[in-house]
Amino acid sequence: MPRPAVAPPEERLLGAALRGQHDATFDALARHARAGAPARSLAVRLADGAPVPDRATVPGSTLPFAVALATAWFGAARDEVEQRAGVELYRQVVAARGPRALRPVERRHYLQAAFLLGRHDLVRQGLEQLDGVSADVVEGLRADLVNPHAEGTQQPATHERWQELLGSRFVARDLRGPEVDPSLRPVFDGLRLTADRSVDGPLVSVVVPAFRPDRGLVTSVASVLAQSWGNLEVLLVDDASGPGYAELFAECEALDDRVRLLRQEVNGGSYLARAAALAVARGDHVTTQDADDWSHPERIALQVGALDEAPAAAASRSTAIRARPDLTRQWFGYRPERMNASSLLVRRDLLEQVGGFDAIRKGADSELQERLELVGGVVNVVRPLAVTRLAAGSLSRADFALGRHSPDRVLFRSAFRHWHAGLARAGANAPEDVRLRREGMRPFPVPRGFVRDLPGARPARTAYPLVVVVDQADPLPAGVDEELRSLVLGGGDPVDGNRPPVAVLGREDLTRAGAASPGWSPELLDAARQGRVDLVTDTDAVHAEVLVVLEPSVLALPAVPLPRATADRVLVAAVPPSVQEPPRDLESAGAFVREHLGRVPRWVARSVADQEAWEREGWSVPLLLDDLRPGRASVARAARRSLADDAPHAATDDPVARLREALALVAEAERAEPALPGRADDVLLLGRDRVVRRPELDPRVAALVPGRSQRAAWDPDDEGVTVLPAPVAADLVVLGKFDLQRRPKLRAVYADAGLTLVVQPPSPSSGSGVARAVRAHEVVERHAPDLVPPMVGHGVLGGGMPYLVERWLPGAPLAGARQLTAAAPQILTGLAAVHRGHGVTPVRLTDHWGGGFAERWRETCRTDVVPASLAAWVQDLLDRDGELRRSFIHGDLVASNVLSVEDRVVLVDWEQAHEGLVMNDAAKLHLFGAEPEEVLDLVVALLVEGAGAGGTAYLPLEELALCHAQLVSLYPRRSARLAGHPRAEAYERQVRRQVERLEQVRRRLGA
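Residues numbered from 1 in each chain as written. Predicted model: local features only at pLDDT ≥ 70, side-chain atom pairs only at ≥ 80, totals over all residues. Heavy atoms only, no water.

1. Observations concerning the overall build of the protein
Of the regular secondary structure elements, the protein holds 36 helices and 33 strands. Based on the C-alpha atoms only, the size of the protein along its principal axes is roughly 95 × 70 × 60 Å. Counting over 1007 residues, the protein shows a buried share of 58%. For the protein, the share of sequence-separated contacts (at least 6 apart) that also reach a separation of at least 24 residues comes to 74%. (Helix = DSSP H or I, 4+ residues; strand = E, 2+ residues; numbered from the N terminus. Buried < 20%, exposed > 50% of the residue type's maximum accessible area, 1.4 Å probe, protein only. Contact = heavy atoms within 4.5 Å.)

Dropping the structure here:
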């Protein structure tokens, strides 16, 4: 999934604070820091110089939250009191705990915040105390502190000394520093430098688009004309600025006969202006220059030289220094130096072959640069060859701040990178392979704000019968059935098959916030690219007859900006808490609908399972699809209900038809996923029970066939074997055990390619297992990469069937309990690393499980399964309602999901992975291992991250006991459902063994 790798808890709260700016998240940071007061009260006191409590700055405990609070106060920029408090909190942390209490990036934040607040005394002190801050920040601050032309400079240097400091970053890269004419205002427009050499070579076209410019245009054009590379043409494009700007453009045109002035009849933005100039450009290379920037005289010569030294490269670009109009360089959270997107210098013939810049208003230079990486790459000249202007109100600066990007930028970046990733998987490396075509359907969706009012652009639709509000990174959460999936992804109306005009409004779920905004789901991007849905963001003013909120959390704790959508009617999914689903703040979501949208929300259930969960709590909640389509046939509802009941019956009575359907899915996946091999013609395959295979198998593949007797070679004449010709490249296809859904779940193996394919329909009660597995890869590969097979690709097939492709690791699943116990140290060590990296957060028992656990436990205790003394002990644990530890877990840790690969173990089948209790996986190891006492020793030794934090926290073994008890509490209902089923007896044995393990934990605790 496109959600960023999971950050530590303080960074997640910081991200939520910066992007939501809610008091609740600031208060959460203050609470985790144990500051002793709500954030606002604390800010007022700190702004007046009051001390922060010592307990708020304890390293490894409260300190990270205190520093995150300081960053949030300054970065959110809600008011000056909080910004003063942020700087003061940074200062007190350094004073109390020393310079090393801050990480290098936090030291930079402290110095930048102090400078921007005017606390130059703290900046000077910090520059002496704080090491590890990058040189561009340090040298920039040294110049900014003495800038005689900046308002508020407390100890100005002479102009000459300041100019020397200003040029230090150029000198460090063997360049001459710029000179500055002190008489010009703003002083940025005094930048100048004469070339000290003359370089000859092929013609370079420099495009300078401008719309209603100021005197900065003269600075920009003059700096291009001052290049040491003399053979150039400057294509200055007036983007329909109007007659009031004609004189300024004429002045620039008159600077040199190498300047050619082009005029656009209609304003179309800088990229359409660039395209118009490129159509008449004569140069062998083309580059651009923003209308208010300054380029060093060596910029073009050094970038052309870099291309000459790398003949296979497509383009070059160079570093720029960001500066304000007064030539100070501080922008909170950002380094002054960065690669300059507008410096991209491209071989002209190749630029034409790849289709040039996208015809949009923003971001096309970044997209082009990343596209060019596919066809030779871009050479980076890491020398400061430009100074770019940080002008208030600029298009780009308004879209970015520390920890947050505008919703349109997030959608755009997600969309073009998803397209690029598909090109890369398909092996695209020639210019024509990555060409951005103008005709037909776009290869990726773009925000409507990026094309608004462009010449020839079709007006965007603003009214829809249906707008669906989703978590942009995870739009189809647990419990969504195929009909609703089809509706969200534009797959057809669930009643009459006519696709309604549907828009999907993607928002970030701040309850799952990371350090950065998550990207959009590939499923949504593919649906939009195929024209099945429209994607809209919070910046788009759209109206819906019906607005459906599938994920209430995106409104309960809303990110800013708030959505501009309006609606006649609003349906909000009431998501019940469960093992898979954390509690939602439905009250706040409803309040948002009433206050911001002016409508009374109608609460609906996303699935039959959700509806029944509310019924058990005494609530009657209508089904969402029934509410959207009144009068739906009762038989359809009954069919869905039987599917959600997990009834113990096979999905079809014809196993051969089931195998054929599985092969059709494999063939479709091979066509859809570039990483998979494929076949155009049929190959002879043999099927029996839930396996399809080639007659002869590589022994490593044969080891994966269920049942030892099945692993030898098969013959078409063998009993029960069916010949199944099919155009698939897979060596082996195994259907899921106890597969109860209408469409099969399967795993296929490709021995020669070294790949496995998983296809799994989303469950009405638990959502997409593949989506959970993809998220698991993103989390686990970061913190314990040896614990999970590498992910190669993923996507969605027709009908909403998700698939996942992983690297095949030729190992054998663990054979049973003894091997599982032997592997337990490696498994728990790996899981502990995941918990450490992902972060461990406390959660109250009733917040995690709700009140249903206690009720189910009492019901279970009325059977003969649990001895009375054990029942009472667990009831005491429940009555305490203490804090458990929550992190990222596997969710289905059994021996068959553990591979022995050479000298390590790898966990597979992450389809049940989720944010859950730390001891959930340990309980499975304890239950299924052969030596449970050994497992207890390992649990106590290894799963200690965040243990015992706070007076209400359970001990680790008490947490383990509660995880066992929760599973035991399901006994009465599960045993009733399994009555008469072949699994019933095995389930009875498992529950009694789990009760024994629970008793063992109690004895270990001495209770």
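2. Focus: the packing of helix α6 (residues 104-116) against helix α7 (residues 120-129)
The packing of two helices is summarised by the inter-axis angle and the distance between the axes. For the pair α6 and α7, interaxial distance at closest approach is 7 Å and the crossing angle is 155°. As summarised for this structure, α6 and α7 are arranged roughly antiparallel, according to the angle between their axes. Crossing of α6 over α7 shows left-handed handedness. Every residue of α7 that contacts α6 at Tyr 110, Leu 111, Ala 114 and Phe 115 is listed here: His 120, Leu 122, Val 123, Gly 126 and Leu 127. Per-class residue counts for the contact of α6 with α7 are seven nonpolar, two polar and no charged. (Axes fitted to C-alpha atoms, helices over the stretch in contact; angles between N-to-C directions. Parallel < 35°, antiparallel > 145°, perpendicular 65-115°, else oblique. Left-handed = near helix turned anticlockwise from the far one by under 90°. Nonpolar A, V, L, I, M, F, W, Y, C, P; charged D, E, K, R; others polar.)

3. Describing the state of the cysteines
Applying the stated criterion across every chain yields a total of zero disulfides. Cys 963 provides the cysteine sulfur closest to Cys 861, a residue in no disulfide bond, and the two sulfurs are 17 Å apart. Judged by its relative accessible area of 24%, Cys 861 falls in the partly exposed class. (Disulfide = S-S within 2.5 Å.)

4. Some remarks on the sheet that holds strand β18 (residues 566-573)
Within the open sheet, the six strands sit side by side as β16-β15-β14-β17-β18-β19. Their pairing is parallel. The sheet terminates laterally at β16 (534-536) and β19 (602-604), the two strands that pair on one side only. Strand-to-strand twist of the sheet, defined as the mean angle between neighbouring strand axes without regard to direction, takes the value 30°. Alignment of strand β14 (residues 463-471) against strand β15 (residues 502-507), held across six bridges, turns out to be parallel. (Pairing = 2+ DSSP bridges.)

5. A short note on the packing of aromatic side chains
One pass over the structure, following the stated rule, counts ten aromatic pairs. Measuring from ring centre to ring centre gives 4.7 Å for Trp 849 and Phe 853, while their planes differ by 70°; the resulting arrangement is edge-to-face. Assessed through its relative accessible area of 11%, Trp 849 is described here as buried. Members of the aromatic cluster, joined through ring pairs, are Phe 412, Phe 416, Trp 419, Phe 444 and Phe 450. The cationic tip of Arg 78 hangs over the ring face of Phe 26; the distance from NZ or CZ to the ring centre is 4.1 Å. One residue, Arg 274, lies across the ring of Phe 357, its end atom 5.1 Å from the ring centre. (Phe/Tyr/Trp six-rings, centres within 6.5 Å; stacked < 30°, edge-to-face > 60°. Lys NZ or Arg CZ within 6 Å of the ring centre and 35° of its normal.)

6. Side note on unusual backbone geometry
Following Arg 185, the chain continues into Pro 186 via a peptide bond in cis, with omega recorded as -5°. For Pro 186, the position within the fold is in the loop between β1 (179-180) and β2 (191-192). For the peptide bond that leads from Val 560 to Pro 561, omega is 5°, which places it in the cis range. Following the sequence through the fold, Pro 561 ends up in the loop between α20 (553-556) and β18.

7. Remarks on the pattern of salt bridges
Throughout the structure, instances matching the rule amount to 58 salt bridges. Between Arg 448 and Asp 540 there is a salt bridge; the shortest N-O distance is 4.0 Å. Of this pair, Arg 448 sits in the loop between α17 (407-425) and β14 while Asp 540 is found in the loop between β16 and β17 (543-549), placing the two residues 92 residues apart along the sequence. This pair shows no difference in class: Arg 448 is buried, exactly as Asp 540 is. Through salt bridges with shared partners, a single network forms among Asp 23, Arg 40, Arg 78, Asp 79 and Glu 82. (Salt bridge = Lys/Arg side-chain N within 4 Å of Asp/Glu carboxyl O.)

8. As for the confidence of the model for the protein
Caution is warranted with low-pLDDT regions, since their predicted coordinates should not be read in detail. Looking at the protein, pLDDT values average 89 and 92% of them are 70 or higher. Here residues 631-652 is modelled with pLDDT under 50, and outside its nearest four sequence neighbours on either side it reaches 38 contacts, counting other chains as well. (pLDDT = per-residue confidence, 0-100.)

9. A word on the sheet that holds strand β32 (residues 904-907)
Read from one edge of the open sheet, three strands run β28-β31-β32, paired in antiparallel fashion. The open sheet is flanked by β28 (812-813) and β32, the only strands paired with a single partner. With two bridges joining them, β28 and strand β31 (residues 898-901) adopt antiparallel strand pairing. Bridge pairing in β31 places Ala 812 opposite Ser 900.

10. Re the environment of Thr 841
With respect to the secondary-structure elements, Thr 841 resides in strand β29 (residues 841-844). Distance from Thr 841 to Leu 917, taken between C-alpha atoms, is 9.5 Å for residues 76 residues apart in sequence. Setting aside chain neighbours within four positions, we find Thr 841 in contact with Pro 9, Arg 12, Leu 884, Arg 885 and Arg 886.

11. Overview of the packing of helix α5 (residues 80-97) against α6
Relative to each other, α5 and α6 sit at 130°, their axes nearing to 9 Å. Taken together, the axes of α5 and α6 lie oblique to each other. Viewed along their axes, α5 and α6 form a crossing whose handedness is left-handed. Across from Val 87, Tyr 90, Arg 91 and Val 94 in α5, the residues of α6 making contact are Glu 106, His 109, Tyr 110, Ala 113 and Ala 114. Tallied by class, residues from the contact of α5 with α6 come to six nonpolar, one polar and two charged.

12. Overview of a positive patch on the surface
A surface patch of like charges, here positive, comprises Arg 616, Arg 974, Arg 977 and Arg 983. Take Arg 616: it is sitting in helix α22 (residues 608-616). Judged by relative accessible area, Arg 616 falls into the exposed class, the value being 54%. (Patch = residues over 30% accessible without salt bridge, like charges linked within 9 Å, V, L, I, M, F, W, Y side chains within 5 Å. Areas by Shrake-Rupley, 256 points an atom, 1.4 Å probe, with all protein chains shown as cover. Lys, Arg positive; Asp, Glu negative; His and termini not counted. Charge placed at Lys NZ, Arg CZ, Asp CG, Glu CD.)

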